[in-house]
Structure formats: structure tokens, C-alpha cells
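Spelled out, the chains give:
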Protein chains: 2
Amino acid sequence: MKVDLNKEHETEIKESLRAKKELIDQALEKYVSWEHKYPPRLLESMRYSLFSGGKRLRPILTLAAGEVVGGEEENLLPFASAIELIHTYSLIHDDLPSMDNDDYRRGRLTNHKVFGEAMAILTGDALFALAFQIITDPALIKNFKPELLLKTINEIAAAAGAEGMVGGQAVDILSVGSKLNKDEVNYIHEKKTGALIRASVRAGGFLGGGSKKKIEALSQYGEKIGLAFQIIDDILDIEGEKEVLGKDTGKDRDKNKATYPAIYGLKESKQKAAQLIEEAIKSLKIFGKKAFFLKDIANFILFRKS
Amino acid sequence: MKVDLNKEHETEIKESLRAKKELIDQALEKYVSWEHKYPPRLLESMRYSLFSGGKRLRPILTLAAGEVVGGEEENLLPFASAIELIHTYSLIHDDLPSMDNDDYRRGRLTNHKVFGEAMAILTGDALFALAFQIITDPALIKNFKPELLLKTINEIAAAAGAEGMVGGQAVDILSVGSKLNKDEVNYIHEKKTGALIRASVRAGGFLGGGSKKKIEALSQYGEKIGLAFQIIDDILDIEGEKEVLGKDTGKDRDKNKATYPAIYGLKESKQKAAQLIEEAIKSLKIFGKKAFFLKDIANFILFRKS
């Protein structure tokens, strides 16, 4: 995989991402605080999975896309956080014994290994509901036009549901053990991971007040990095180091899962990921130098090791 | 249980409810139609649980509450339907082996018995997401003020989540096998069933443009019938006929579940339910004769056999 970055630039990117991650973590800490009057064990379980060292890639994308079209970070935080809640819920459900049956994620026991299956299902459900509660909370959304909010909520709900993330996961689950063709693997990747990543970017674009042309550019960018992200995920499952990844490698192969490398081979998969990132960066042309952070994120997706 | 209704009035009420149910079914048929480009097996599973002979009580409440404050049925249908989607999702998840482990519901095999656990979880997730997608769909919500929509979505999300339905189910699951006190049983009932029923009524009130005072009256009504509904559910689990209920009876006792009759005894539970319905009807005073259908629904909750 060719990445035109020197070590210094890589370190800079990681540092910016770390700073943004901290912002997101602070916001999440407020929205899912110990002060909430939820059943204590449920709240504990929600927080366990939410604060488990995630990269916060999706919410960072929402902030970055929002800012590139002129939005303010502070205002974007509830939406960015809501998308992370949805992502976390999807991981909890995906890890369940009846789904991917994973015991570890990010180096820690998965939610159902700690809290049991029933609580893991309910924890996912609670996080999903909370996402929509936050982005309709009068105190948090007062700086946006209501029409824009409704459009954004619709985008997020569609990306999370049967025509997006859940649809992709359903096809993935249903196809375990059967041989898939390229179209089917593309479908799973686009929906399961791609849809929410694309929506993270578009949500920022909407809320930041982006023009139709700019939203279109962001959509292109979101689609490309979303697919690249999943391809790299597949590659890391083969080539990654368990200690860095925080989970076992080789699981896709063991489960006979539909992956890019299984269909295209490792070499072609790496080329494809690099090409997608290049295209993603090209689609940012309309923003000029302002797009530097979105570019950095795209490059990070390519050089990440976990 | 004393109900001041003659057989004729009972038949009339059932007939009105049947007509409303048909309206809801038609709307749901549109929103979850075979035309959707979802993975076919997922769509099949969503429809299996959605069209399985539910009473559509919650969406009917939304319509009735909306109309009593001057809303139009046609406009209210997407919201009423969304609430039924959320209710159906919660039933699918509640029936799962790791939760209540129920094989039958409404006389048919539960979702996971037909589609498997993984698909049942994803089907619930998909229905939940679709609910929020429908109530933010520009084509369906154009007759409402955006501010009112956001307020309603917030209400529904809160009622469905950790401070509402999911919270109640979590405490219910966590308390199986342990002896609960009255406060705890009340908490479970209020949250698990009551919260969404109350929100169904309030959503109608908001969208119909009800004044603060009228919303307050509807909230009282919703709270009372919500609790009464769950108490009757508990009673039917003991006294109901399996054939009419469409599910096994005695399951609560077998599972040592927290129920009203277990704490208060059957007689006092029946009195409590009747009293709540009476109070619910009293709280409708502000609407005068217009509230006849809401009264009918309250009475139906008391005399229902399934």
C-alpha cells in the first residue's frame, strides 16, 4: 500500500485525531453520564461499550465535514455523538453469539460476555433510542433550522436501517458459509459499514449548511472512504497484529466470511483501497485548502494499523 | 371486574376499533411494502411480525388523541404507524431466548423461531430505524410544523429508550427470580408498557395541536390506561384462555416474574385496574363529548380477553 506521507505527517494526523476524539469523549460523557436516571446496570453497560477506546472516526467525520462547509464544532457535537451511539449499538449487536459471536473487541471482553446476552441486546436498543433523543433535544439543537434537523435525522435513520447498516449485516449473516460473487460482497461492504460512514459525512454537510454541490462532493468522499475503510478492515483481519487490533485476526476466514481479499486477493484489495482513498481526496477539490483535515482522515484510514 | 357496558356497546366499540385497525394496517402496508429494496429475507421477517394480528392499540390511541384535539387522521397515520413499528420491534426482542424465551405470540411462532435469533435481532433493529425514518420523511410530514415534529420525535425516542420501555424491560430481566417490592413492580410496569402507551397518546396530542392543558389531560389518561393495560395483561396470564390469547398462560408465574397479581393478589389487581380506567376516563372531562372514542378505548382495555 503506497501512502505518500512521511512519519512526521502521520504523527501530526494522529495528534489531530486524538484531540478531536477527546472532544467527542467529553460530549458523550455528558450525554451518557452517571447522572442519568436509568436502571444502574443498564447505564453501566451502555458506558462500558461506549467508553472502550473507540477511534471515534464517524463523529470526527461529522465534525470535519460540518466545519469544511462553515459549521461550528460546538453545535455539531450532539449529532457527531449520536452517530457514535449508533455505531456502538451496532457493534454490541454484531458481537452477539447468534451473530458474529465475538468475545473480544478493542482488547476488552465484548458487552454480552460481561453483561449477558439479554442486557447486551437491550444496551444496543437503549443507545439507538438515545441517539434520536439527543438530536431532538431542544437544549442541544437550538442553533439549527428545524427543517435541516429533520432532513439530517432522516438521513441517519435511513443509513442505520434496512436499506443501510442493518440490511448489510443481515445479508452478511445470511450468507455465512455460501460463496458470494463480487456484487454481493460489494453490497455487504457498502451497506454494513459504508452507509453510516457516508451518513456521518453528509450529516455534517447538511448541518454545516453546505450547498447542494458541496454535499455532493462530501457524499462522494464519504462513499469512497467508507468502502476503503471496510476493505482495510478485511486486510487487517489477515495481516494485522492481534495486540494492535485488540481482537483476534483470521476470524473472517475461520467463519468463511465474505471479504474483499477472499474475492479479489490481498494485492488487488490493497490497490483498490489506495485507489478509493485517492479518489476520495480528489472529490474534495471544491473545498481547496480548507479540506486538509478531511484529507488527513482519508489518509489515516489507509495507514491505520487498528 | 365491573364494567358498566352492555353487550351492544361492547360490540360497537370492537367494531370501531376494527375499522381503525384496518386504517393502520393499510398505512403499514404502504410503509413496509414488498416494493422496498431491503434484503428480501429481512423484509419478509419485518412483515411477518408486523402483520401478525396485533390489536394496533397504540397507533389507534395516537389517532384518537390527535383527533380529540383537532388533528386530521390522514396526517397522523405515519406517526401512529411508527409507534406500532416500535412496539413490534420491542416484542420481537422481548421474545428472544435470552430474554423472555417465548415460542408463541398471537397464536403464531415468534420471529426467532421462524427466522432465527440473528435475524430476529436485526428485524427489531430495522423496524426501530424505520420508525424514525417514516416520521422524518418529507413526503409524509409536510402538514406539520417542523418544531412540533421534533418535539414529538423526542417524546417517542425518550419513551422507547433507557428511561422508558428499554429501561423497564432491563429491570424486568434483571429481577427474574428475585422478590420485588411494590415500588419495583410499579417501576417495571410504568416503564416497560406504560411509557410507550403514554407517548402514543401524547404524540397525538402534540401533532393535533393540543393546548398545554389538553396535553396534560391526555398525559393523565395515557398514564392510567398504560398501567391498567399491563395489570390486565398480568391478570390474563393467570385467568385468560390460551386459545383467545394466542399464547401460553401461566408463563409469568413459571418464570417467577414480577406481576401485579403476585404482589397485590388477583382481587386487588382487578380493583386497581378498574379504578385506573375510571380515573383515566375522568381525566378526559376537558374534552366533553368529543372524547367518546378515547373513553371506549379505555373501557376496551378493561373488558378485553386477549
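Described below are features of the structure shown in this document.

How each quantity is defined
- Residues numbered from 1 in each chain as written.
- Chains lettered and ligands numbered in written order.
- Predicted model: local features only at pLDDT ≥ 70, side-chain atom pairs only at ≥ 80, totals over all residues.
- Helix = DSSP H or I, 4+ residues; strand = E, 2+ residues; numbered from the N terminus.
- Rg over C-alpha atoms; globule rule 2.2 N^0.38 Å.
- Buried ≥ 20, exposed ≤ 12 C-beta atoms within 10 Å, placed from the backbone.
- Contact = placed C-beta atoms within 7 Å.
- Least-squares fit on C-alpha atoms with pLDDT ≥ 70 in both.
- Expected span 1.5 Å × (residues − 1).
- Nonpolar A, V, L, I, M, F, W, Y, C, P; charged D, E, K, R; others polar.
- Core = buried A, V, L, I, M, F, W, Y, C linked by C-beta atoms within 7 Å.
- Bend = angle between axes of the 7 residues up to and from the residue.

### Points about the overall build of chain A
Okay, so step 1: Summing up its helical and strand segments, chain A has 16 helices and two strands in all.
Okay, so step 2: For chain A, whose C-alpha radius of gyration is 18 Å, the value lies close to the compact-globule estimate of 19 Å for 306 residues.
Okay, so step 3: Considered along the principal axes of its C-alpha atoms, chain A spans approximately 50 × 50 × 35 Å.
Okay, so step 4: Counting only residues that meet the buried cut, chain A has 54% of its 306 residues in that class.
Okay, so step 5: Partitioning the intrachain contacts of chain A with sequence separation of at least 6 by distance along the chain shows that 74% fall at a separation of at least 24.

### Re the relation of the copies chain A and chain B
Okay, so step 1: For the pair chain A and chain B, the superposition axis carries a translation of 0.0 Å, the fit reaches an RMSD of 0.0 Å, and the rotation angle comes to 180°. The relationship between the two copies is best expressed as a two-fold rotation axis. Closest to the rotation axis within chain A is the C-alpha of Pro146 of chain A, separated from it by 2.7 Å.

### A look at helix H1 (residues 7–31) of chain B
All names here are of chain B.
Okay, so step 1: The terminal C-alpha atoms of H1 lie 36 Å apart, and with 25 residues this matches the ideal 36 Å at 1.5 Å per residue to within 8%.
Okay, so step 2: Every buried residue of H1 is accounted for by Leu17, Lys20, Ile24, Ala27, Leu28 and Tyr31.
Okay, so step 3: Those residues of H1 that are buried are in contact with helix H2 (40–50), helix H3 (57–68), helix H4 (73–95), helix H6 (117–134) and helix H16 (292–303).

### A look at the interface of chain A and chain B
Okay, so step 1: With 42 residues of chain A at the interface, the matching set in chain B holds 42 residues.
Okay, so step 2: Elements supplying a minimum of two residues to the side of chain A that touches chain B: helix H2 (40–50), helix H6 (117–134), helix H8 (146–160) and helix H9 (165–174) of chain A.
Okay, so step 3: In terms of residue count, H6 of chain A provides more of the side of chain A that touches chain B than any other element does, 12 residues in total.
Okay, so step 4: Class assignment of the residues belonging to the side of chain A that touches chain B gives a composition of 27 nonpolar, eight polar and seven charged.

### Re the nonpolar core
Okay, so step 1: Core analysis: the biggest nonpolar cluster contains 197 residues, and Ala131, Ala228 and Ile301 of chain A together with Ala131, Ala228 and Ile301 of chain B have the highest contact counts within it.
Okay, so step 2: What Ile301 of chain B contacts, discounting residues up to four positions off in sequence, is Ile225, Ala228, Phe229, Ile232 and Ile277 of chain B.

### A look at unusual backbone geometry
Okay, so step 1: Despite not being glycine, Arg56 of chain A has its phi angle at roughly 60°, a positive value.
Okay, so step 2: Tracing the chain through its elements places Arg56 of chain A in the loop between H2 and helix H3 (57–68).
Okay, so step 3: For Arg56 of chain A, a count of 25 C-beta atoms within 10 Å corresponds to the buried category.
Okay, so step 4: Of note in the backbone geometry, Asn101 of chain B takes a positive phi value of approximately 50° without being a glycine.

### A short note on helix H10 (residues 182–207) of chain A
Okay, so step 1: Relative to the 38 Å expected for 26 residues at 1.5 Å per residue, H10 of chain A spans 35 Å between its end C-alpha atoms, a close match to the ideal helical length.
Okay, so step 2: Taking the largest bend as the criterion, H10 of chain A deviates by roughly 55°, centred on Gly194 of chain A.

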